[in-house]
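# Residue-level structure breakdown
If you want the building blocks of each chain, they are given just below.
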Amino acid sequence: MNNLFTMKDLSTEEIHEILHTAESFAKGENWTPAKQTFAVNLFFEPSTRTKTSFEIAERKLGIDVIPFETGSSSILKGETLEDTLKTLESIGVDLAVIRHKQDAYYESLAGKFQMKIVNGGDGCGQHPTQSLLDLLTIKQEFGKFEGLKVTIVGDLSHSRVARSNTEALTALGAEVFYSGPAEWFVGDAGNAENYVDIDEAIEFSDVLMLLRIQHERHDTMMDLSAEQYHERYGLTPKREERMKPGSIIMHPGPVNRGVEIADSLVESGKSRIFKQMENGVYARMAVLRNILDK
Ligand code: CP
């Protein structure tokens, strides 16, 4: 693996290998690159979890993280992303993690750099390292993917998390279902026959993966209030009581409490939301090792 742009870049064997490496890091294994390595994290969209956990992962691996704020870089003077990356590569940067609002921004970069590039999320496209940390969390819980029923609930049409997880979970043998407003169930986020009502999904799903409404990507205002959305599509305490025994709640974050999930359920016994965030460090360490250990 030279770069990681989408989950389709990884075979199922490579996914299993990365998860195995992530589990080793979770148990305290150490690994550092053979030579001094410089990384930059270029985030053109807001981020708390991905940016911070990449930086912690890089530092835990002994990688030198070069501070880079897109808002105070020469990108503001019109420099393109490609020229920015060429500049950083010339200066000696070995690895760039990029989050960008443009879907598939990486397609124009492929094959042009010696520097390794990891996609930290592109628009409504892909979020491969989120998918890997989600897979790690599911594996820790169930020890397998085959036969699991995972329902992704909410803003499917704008969700790079839904897209990356659909591809990966399906490849690994899980069955993926979808729920939420029918008008958001479009495009390649899934199959029509797997679209289910939330009241049905809670009873059979091993994993309920809730998504934030990405208002910033909507052209028009949602015609439901937050309270109405919560009652119609959200995970309420009453619905949580009817969830399948042994099932878990996941959410990539950031969470809108009281909208897609009741405030009281964010830190409940079934919730793995903060475990996902912890696993983000191990999954990203594993991706970086896989890319750099060549
Ligand atoms: N899950 C996720 O990508 O969160 P951030 O936007 O905070 O990085």
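Throughout what follows, the structure given in this document is the object of discussion. These figures come from a predicted structure and were not determined experimentally.

The rules behind these values
Residues numbered from 1 in each chain as written. Predicted model: local features only at pLDDT ≥ 70, side-chain atom pairs only at ≥ 80, totals over all residues. Heavy atoms only, no water. Buried < 20%, exposed > 50% of the residue type's maximum accessible area, 1.4 Å probe, protein only. Helix = DSSP H or I, 4+ residues; strand = E, 2+ residues; numbered from the N terminus. Pairing = 2+ DSSP bridges. Right-handed = clockwise from strand over helix to strand, strands pointing away. Phe/Tyr/Trp six-rings, centres within 6.5 Å; stacked < 30°, edge-to-face > 60°.

## Quick word on the pairing of strand E6 (residues 175-179)
- Within E6, four of the five residues are buried, leaving the element largely enclosed by the surrounding structure.
- The pairing of strand E5 (residues 149-153) with E6 spans five bridges and is classified as parallel. Bridge pairing in E6 links Val153 to Ser179.
- Taking the sense of rotation as the criterion, the β-α-β connection linking E5, helix H5 (residues 160-171) and E6 turns out right-handed.

## Here we look at the packing of aromatic side chains
- In total, this model carries four aromatic pairs according to the counting rule given.
- Centroid distance Tyr229 to Tyr233: 5.3 Å. Interplanar angle 45 degrees. Geometry classified as tilted. Residue Tyr229 and its partner Tyr233 are located together in helix H7 (residues 226-233), separated by four residues, close to a single helical turn. Each member of the pair, Tyr229 as well as Tyr233, is classed as buried.
- Joined through ring pairs, the aromatic side chains of Phe5, Tyr105 and Tyr106 make up one cluster.

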